[in-house]
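An overview of the molecular structure
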Amino acid sequence: MKLPVIRGHVGDWRYYTGVMKFKEIEEIVTPSVDEFCNPSCLNDLLQRQLTENYKSIVKYLLSEKQRFFNAIVLAIYDGDPKWLEIEFGEEYEEYNNVGFLAFNEDLKVFPVDGQHRVKGIIEALKDNRELEDEEVPVIFIAHKNDDAGKRRTRKLFSTLNRRAKPVGDNYQIALDEDDIAAIVTREVVEEYELFQKERLLNAKKKQIPKTNVNAFTSLIALYQCNEYLIKDKLGLSDTQFKGYKLYRPDEKVIEDMLSYVESFWTSFIDNITVIKEYLSEDEKPALRYRNDKGGNLLFRPIGILEFVKAAVIISKRQNKPFGDVLKEMNKIQLELDSSAWRGVVWDGKKIINRANLNLVRLMIMNLVQDFELSDKEKEQLKDLFISATNFEGDTDSVWDKIMEIKKASSTNTSI
């Protein structure tokens, strides 16, 4: 067997870059190293155990016309590979890195990076043999099965699989053409002044730095809000939606979800007073809503996400449109330095680290004057409130305290 390749080197690694047909991957590459090394010995185990992730790759190969893979890094375990250089003559002598890798019948290969892609290719061919002549880029390295060789390959595996930093979530949101939440989020950013220019923080994390006096929220927080809206509208569980986002849905579904998400944000802007006031500010618009005194809950990523979740739950349970629900939610107290949020989100100086999200959402829902929690939600709210605030009264009086906060927190604000 001969494969056309380009030879290269980086550091002390010599490698060969080429392409392999899917059927060659199936015939030659072993997705797991277990048959070469004893998996009970951690010192020999070079690969992660296969997870169910390969199934999503199978689905991708079978359903996505615009499928593409990045290169799979393959370790040559056996087969006595020979480098055969192509001679172009003196005029092209600088191209001495083009040639063939020749293998004998004993060729054995395993992936250092791309185990799940290899498994996915093999399983996809079982369903569709028409894929067998498709090609995937590959990078060959040499692996020696002695102690030194194993240590060397393990180190490379660690570098490729554990130390490599993934693309930031914000870049995924900006680029992903399959994830419906990312697609919708990009459209929302284009549509609303609330999410344009410095009013939306585009960063690798959803938290907003203390020094930022302009942003309403972050791109990642907005994405998470839209993700929840879409997931709930589709009626999918977290696990189901995670798989759903891997494949671009029909354009009609995208249009419907975009319309639904836009209905929320339009109602949000039209009915929430502090958002109208924020949009009217030209200089340092977020300063009064996110400051040393806490500011407004909506201007904290933890707050806006749970506010959106609460609005969706109330809307469904009361069978009311977002506009009516948000009019009522506009009346609740959202200043972090108020009795409603001290000890829950705000400690008097800063946002409480790892504030309980369920508690924040239940507090928001309970503060809405015309909405009543279920008995199960009331019990959960009491337990979480006691734990978060170190409530010193007896458990029977904690609900009285919570209802006292609800009564005091109504601002009776109307638009």
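First, a word on what this report is: a plain description of the structure on this page. (Residues numbered from 1 in each chain as written. Predicted model: local features only at pLDDT ≥ 70, side-chain atom pairs only at ≥ 80, totals over all residues. Heavy atoms only, no water.)

1. Things to note about the pairing of strand β2 (residues 13-21)
In this structure, strand β1 (residues 2-10) lies alongside β2, joined through 6 bridges in antiparallel fashion. Directly across from Ile 6, in β2, lies its bridge partner Thr 17. Once β1 ends, the chain turns through 2 residues before running back antiparallel as β2, passing Gly 11 with a positive phi of about 60°. Examined bridge by bridge, β2 and strand β7 (residues 135-142) share 6 bridges and lie antiparallel to one another. From the neighbouring strand, Thr 17 faces β7, where its bridge partner is Ile 139. (Pairing = 2+ DSSP bridges. Helix = DSSP H or I, 4+ residues; strand = E, 2+ residues; numbered from the N terminus.)

2. Considerations on a negative patch on the surface
Where like charges cluster on the molecular surface, the negative patch consists of Asp 394, Asp 396, Asp 400 and Glu 404. For Asp 396, the position within the fold is in the loop between α14 (375-389) and α15 (398-409). (Patch = residues over 30% accessible without salt bridge, like charges linked within 9 Å, V, L, I, M, F, W, Y side chains within 5 Å. Areas by Shrake-Rupley, 256 points an atom, 1.4 Å probe, with all protein chains shown as cover. Salt bridge = Lys/Arg side-chain N within 4 Å of Asp/Glu carboxyl O. Lys, Arg positive; Asp, Glu negative; His and termini not counted. Charge placed at Lys NZ, Arg CZ, Asp CG, Glu CD.)

3. Quick notes on the nonpolar core
Core analysis: the biggest nonpolar cluster contains 81 residues, and Trp 265, Phe 268 and Trp 341 have the highest contact counts within it. In terms of residue count, helix α11 (residues 301-318) provides more of this core than any other element does, 10 residues in total. Setting aside residues up to four positions removed in sequence, Trp 265 forms contacts with Val 188, Tyr 192, Phe 195, Leu 222, Cys 225, Asn 226, Leu 229, Ile 304 and Val 308. With 31 residues, the next largest nonpolar core counts Met 20, Ile 57, Leu 61 and Tyr 247 among its residues. (Core = buried A, V, L, I, M, F, W, Y, C linked by side-chain atoms within 4.5 Å. Buried < 20%, exposed > 50% of the residue type's maximum accessible area, 1.4 Å probe, protein only. Contact = heavy atoms within 4.5 Å.)

4. Here's the deal with the pattern of salt bridges
Tallied over the entire structure, the rule returns 25 salt bridges. In this structure, the salt-bridge partner of Glu 177 is Arg 248, at a minimum N-O distance of 2.8 Å. Placement of Glu 177 in the loop between α5 (169-175) and α6 (180-191) and of Arg 248 in the loop between α8 (238-244) and α9 (251-271) is noted, with a sequence separation of 71 residues between them. The class for Arg 248 is partly exposed, based on a relative accessible area of 33%. The partner of Lys 378 in a salt bridge is Glu 372, and the shortest N-O contact between them spans 2.8 Å.

5. A short note on the packing of helix α7 (residues 219-234) against α11
Their axes nearest at 9 Å, the elements α7 and α11 cross at an angle of 20°. The angle between α7 and α11 falls in the class roughly parallel. The handedness of the crossing between α7 and α11 is right-handed. For the pair α7 and α11, contact is made by Ala 221, Gln 224, Cys 225, Tyr 228, Leu 229 and Asp 232 and by Pro 301, Ile 304, Leu 305, Val 308, Lys 309, Val 312, Ile 313 and Lys 316, respectively. (Axes fitted to C-alpha atoms, helices over the stretch in contact; angles between N-to-C directions. Parallel < 35°, antiparallel > 145°, perpendicular 65-115°, else oblique. Left-handed = near helix turned anticlockwise from the far one by under 90°.)

6. Concerning α14
An ideal rise of 1.5 Å per residue puts 21 Å on 15 residues; α14 measures up with 21 Å between its terminal C-alpha atoms. By the burial criterion, the buried members of α14 are Glu 377, Lys 378, Leu 381, Lys 382, Leu 384 and Phe 385. On its buried side, α14 packs onto α11, α13 (357-367) and α15. The positive-phi residue at the C-terminal boundary of α14 is Asn 390, with phi of around 55°. (Expected span 1.5 Å × (residues − 1).)

7. Section: the packing of aromatic side chains
Using the criterion set out here, one finds 20 aromatic pairs in the structure. Ring geometry for Phe 195 versus Phe 216: centroids 6.3 Å apart, planes at 40°, classification tilted. Residue Phe 195 is found in the loop between α6 and β8 (200-201), and its partner Phe 216 is found in the loop between β8 and β9 (217-218); the two are separated by 21 residues along the sequence. Judged by relative accessible area, Phe 195 falls into the buried class, the value being 1%. When the centroid spacing of 5.1 Å and the interplanar angle of 90° are considered together, the rings of Phe 264 and Phe 322 count as edge-to-face. Of the two residues, Phe 264 is situated in helix α9 and Phe 322 in helix α12 (residues 322-329); the sequence distance between them amounts to 58 residues. Of note, Lys 119 hangs over the ring of Tyr 54, and the distance from its end group to the ring centre comes to 5.4 Å. (Phe/Tyr/Trp six-rings, centres within 6.5 Å; stacked < 30°, edge-to-face > 60°. Lys NZ or Arg CZ within 6 Å of the ring centre and 35° of its normal.)

Shape descriptors only; they carry no functional weight alone.
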